[in-house]
Amino acid sequence: MADPQANFAHCEALVREADPDRYFASLLAPEDKRPYLHALHAFNFEIARVRESVREPMLGEIRLQWWRDALQGEARGDVRANPVAAALDDVIVKFRLPRQSLVDLIDARMFDLYDDPMPSLNDLEGYSGETSSSLIRLASIILAEGKDPGTADAAGHAGVAYAIAGLLRAFPLHARQGQLYMPVDILARHGVVRDDIVSGRGGPGLMGALADMRAIARRHLEQARTLRPTIPPAAEPAFRPLALVEPYLKVMEKRDYDPLHTPVDLPQWRKIWALWRGPF
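Residues numbered from 1 in each chain as written. Predicted model: local features only at pLDDT ≥ 70, side-chain atom pairs only at ≥ 80, totals over all residues. Heavy atoms only, no water.

**Student:** Tell me what's going on with the side chain of Ser 132, and back it up with residues and numbers.
**Tutor:** Here Ser 132 shows up in helix H8 (residues 121-143). Accessibility expressed as a relative area gives 4% for Ser 132, which makes it buried. If sequence neighbours within four positions are ignored, Ser 132 has contacts with Arg 22, Gly 159, Tyr 162 and Ala 163. (Helix = DSSP H or I, 4+ residues; strand = E, 2+ residues; numbered from the N terminus. Buried < 20%, exposed > 50% of the residue type's maximum accessible area, 1.4 Å probe, protein only. Contact = heavy atoms within 4.5 Å.)

**Student:** Quick rundown of the packing of helix H3 (residues 34-48) against helix H6 (residues 83-95)? Include the residues and the values.
**Tutor:** Their axes nearest at 9 Å, the elements H3 and H6 cross at an angle of 130 degrees. It follows that H3 is oblique to H6 by the angle criterion. For the pair H3 and H6, the sense of crossing is left-handed. Mapping the contact onto sequence places Tyr 36, Ala 39, Leu 40, Ala 42, Phe 43 and Glu 46 in H3 and Val 84, Ala 87, Leu 88, Val 91, Lys 94 and Phe 95 in H6. (Axes fitted to C-alpha atoms, helices over the stretch in contact; angles between N-to-C directions. Parallel < 35°, antiparallel > 145°, perpendicular 65-115°, else oblique. Left-handed = near helix turned anticlockwise from the far one by under 90°.)

**Student:** So what about unusual backbone geometry? Which residues, and what values?
**Tutor:** Backbone geometry at Arg 96 places phi at a positive 55 degrees, although glycine is not the residue there. Checked against the element boundaries, Arg 96 lands in the loop between H6 and helix H7 (99-109). A residue is classified by how much of its surface remains accessible, and Arg 96, at 55% relative accessible area, is exposed. Phi is positive for Glu 145, close to 60 degrees, though the residue is something other than glycine. Checked against the element boundaries, Glu 145 lands in the loop between H8 and helix H9 (152-169). The class for Glu 145 is partly exposed, based on a relative accessible area of 45%.

**Student:** Help me get a handle on the pattern of salt bridges, residues and values and all.
**Tutor:** Enumeration according to the criterion identifies 23 salt bridges in this entry. Residue Asp 112 is joined to Arg 109 by a salt bridge in which the shortest nitrogen-to-oxygen separation is 2.8 Å. The exposure class assigned to Asp 112 is buried, which follows from its relative accessible area of 5%. Across the salt bridge formed by Arg 201 and Asp 196, the nearest N and O atoms sit 3.0 Å from each other. (Salt bridge = Lys/Arg side-chain N within 4 Å of Asp/Glu carboxyl O.)

**Student:** Please provide a residue-by-residue account of the domain arrangement of the chain, values included.
**Tutor:** Along its sequence, the chain is carved into domain 1 (1-114) and domain 2 (115-279). One C-alpha centre belongs to domain 1, the other to domain 2; they are set 21 Å apart. Across the contact, 29 residues belong to domain 1 and 36 residues belong to domain 2. A combined buried area of about 2900 Å² lies between domain 1 and domain 2, and 67% of that area is made up of carbon and sulfur atoms. On inspection of domain 1 and its partner domain 2, the count reaches 4 salt bridges. Lys 271 is the salt-bridge partner of Asp 21, the closest N and O atoms lying 3.0 Å from each other. Connecting domain 1 to domain 2 are 10 residue pairs in polar contact (both at pLDDT 80 or more). Contributions of two or more residues to the side of domain 1 that touches domain 2 are made by helix H2 (20-26), H3, helix H4 (50-53), H6 and H7. Looking at the side of domain 1 that touches domain 2, the element that brings in the most residues is H7, giving 6 residues. (Domains from an automatic or database assignment. Buried area = accessible area lost by both parts, 1.4 Å probe. Polar contact = N/O pair within 3.5 Å; in protein donor to acceptor, adjacent residues only side chain to side chain.)

Here's what the structure looks like:
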């Protein structure tokens, strides 16, 4: 069994490699809080990559169930032998994080295991709220020394904006994998069906549907900005990743943007500069 310091070091290395945006943002948080943020985001990465690490959905369900059981104290075997689970448990205890929020995040990620399309915008916002928004709120609690800083509403909108930008960035990968996070109701408005996307055909309506999604992300971004007065200074670093939403959306509006093939990213220096300037 690794010691706690080694567990947190493992989480930091994992986030630095797999989730650089949140890693860079964490460097702007107080140094003593960074290990705990890394543990939270390492957990998120472990849950997010379940689909890619299994051959079939049922195996993914089993893996997610292990994490549920670990959070609820019912897992078989030595949970402390898993460095991410061990570090996360230390964070939960130290900052009195609500375990149910983490279980809800796992439940929301069940959607990832299957190729079912996202039924509606309301469903997508709910999915984003249980995943991305929840991470921001939990990070806020860590930064506020275990107290509820009252950022739930701001985190809700910020998380949806960040999640939609991230899903749009991953659009080519998801299309190749047969996954569809674009809400069916928005696609239908533009005459686009699932096969147009997963087959790589695209079509004239796809660009309009993607433009609608960017507008929705910006709407939530603006709503988060209006709620800035509700965010205490201590919790502000939890919202830092939001600074990357608008730059990513602008890349998608370039003339040569091909949503099915163009990678959407920014130079590292631009990310760090945007994060340093702040999310609002």
